[in-house]
Amino acid sequence: VSVTSIRREEYNIDIEAPRGASLSINGDDDNYLIQNIDGAIYLDIDDGDADLRNCNGDDFDFDFDDGDITMDGGKGRLVIKSDDGDVDIRNGAFDDIEARMDDGDLEIETSLSDNGNYFFRSSDGGIYMNVTRGGGDFTIYHDDTRVSVDGDFEVDRREEDETRLRLANGNAKIKMRVDDGRVRVSSR
């Protein structure tokens, strides 16, 4: 005769902080809902998900393994390192982005700063970028990648392993390197 007991606990922790406070989280399998924080936000999470809403700071640093990130808003500097998770950012106004993805997809909607620098690297995931304001020079290095363009882009070069685009109204520098994923850039 054997008796087995399984006990599962689920809990929520609510933390209230001043709106201008900065936040640094090192987590594992937890999920996070972060709202109304205007300071710097640093997230280092293995398998959990994060949902950021109304966070209007100017410094964001995300290091995720398998979790997903959704974010509405944000400006300034954005650093993303993600292995298998997906990242979805809307209504951004970033001046500087460095994003390194392995297998997950990156969907980002942002304005471009006139002298901003933007670097995207993906192995097998897709990069889907929608430019809401501003412009600049796009250099996309690719291997087995399909590059699609929608909007007022001028195609300067389209070769087997490199595509160069120009979007008027700005001088931002956007560089993308994608191995096997898909790239879509659009402007509205």
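Look up: the structure comes first, before these words.
Here we summarise the structure given alongside this text. None of the values given here were measured: they were computed from a predicted structure.

## Brief notes about the overall build of the chain
Right, so step 1: A tally of helices and strands in the chain yields zero helices and 17 strands.
Right, so step 2: Referenced to the eigenvectors of the C-alpha coordinate spread, the extents of the chain come out at roughly 70 × 45 × 20 Å.
Right, so step 3: Relative to its 188 residues, the chain shows a buried fraction of 42%.
Right, so step 4: Looking at the chain as shown, the accessible area adds up to about 10400 Å², and 38% of this sits on carbon and sulfur atoms.
Right, so step 5: Taken together, the 22 basic and 48 acidic charged side chains of the chain have centroids lying 6 Å from each other.

## Description of the packing of aromatic side chains
Right, so step 1: Inspection of every chain in the model, using the stated rule, returns three aromatic pairs.
Right, so step 2: Ring plane angle 55 degrees and centroid distance 6.3 Å describe the contact between Phe-60 and Phe-62, whose orientation is recorded as tilted. Like Phe-62, Phe-60 is buried.
Right, so step 3: With a centroid separation of 6.2 Å and an interplanar angle of 85 degrees, the aromatic rings of Phe-60 and Phe-94 are classed as edge-to-face.

## Some points on the nonpolar core
Right, so step 1: Residues Leu-43, Leu-52, Phe-62, Phe-120, Met-129 and Phe-138 are the most contacted members of the largest nonpolar core, which totals 43 residues.
Right, so step 2: Sorting elements by how many residues they give to this core places strand β8 (residues 87-101) first, with six residues.
Right, so step 3: Each residue touching Phe-62, except ones within four places of it in the same chain, is listed here: Ile-41, Leu-43, Leu-52, Ile-69, Met-71, Leu-78, Val-79, Ile-80 and Lys-81.

## Details of the pattern of salt bridges
Right, so step 1: What the rule picks out here adds up to 14 salt bridges.
Right, so step 2: We note a salt bridge from Glu-107 to Arg-90, for which the minimum N-O separation is 3.1 Å. Here Arg-90 lies in strand β8 and Glu-107 lies in strand β9 (residues 106-110), a separation of 17 residues in the sequence.
Right, so step 3: Here Arg-157 and Glu-159 are joined by a salt bridge, their closest N and O atoms 3.6 Å apart.
Right, so step 4: Residue Glu-159 is classed as partly exposed on the basis of its relative accessible area, which comes to 42%.

## Some points on the pairing of strand β14 (residues 153-158)
Consecutive side chains along a regular strand alternate between the two faces of the sheet.
Right, so step 1: For β14 and strand β15 (residues 162-167), the ladder comprises five bridges, and the chain directions are antiparallel. Paired with Glu-154 across the strands is Arg-166, a residue of β15.
Right, so step 2: Taking the residues that link successive antiparallel strands as the turn, the β14-β15 hairpin has three residues.

Rules used throughout
- Residues numbered from 1 in each chain as written.
- Predicted model: local features only at pLDDT ≥ 70, side-chain atom pairs only at ≥ 80, totals over all residues.
- Heavy atoms only, no water.
- Helix = DSSP H or I, 4+ residues; strand = E, 2+ residues; numbered from the N terminus.
- Buried < 20%, exposed > 50% of the residue type's maximum accessible area, 1.4 Å probe, protein only.
- Areas by Shrake-Rupley, 256 points an atom, 1.4 Å probe, with all protein chains shown as cover.
- Lys, Arg positive; Asp, Glu negative; His and termini not counted.
- Charge placed at Lys NZ, Arg CZ, Asp CG, Glu CD.
- Phe/Tyr/Trp six-rings, centres within 6.5 Å; stacked < 30°, edge-to-face > 60°.
- Core = buried A, V, L, I, M, F, W, Y, C linked by side-chain atoms within 4.5 Å.
- Contact = heavy atoms within 4.5 Å.
- Salt bridge = Lys/Arg side-chain N within 4 Å of Asp/Glu carboxyl O.
- Pairing = 2+ DSSP bridges.

Function cannot be read off these values alone, since they describe shape.
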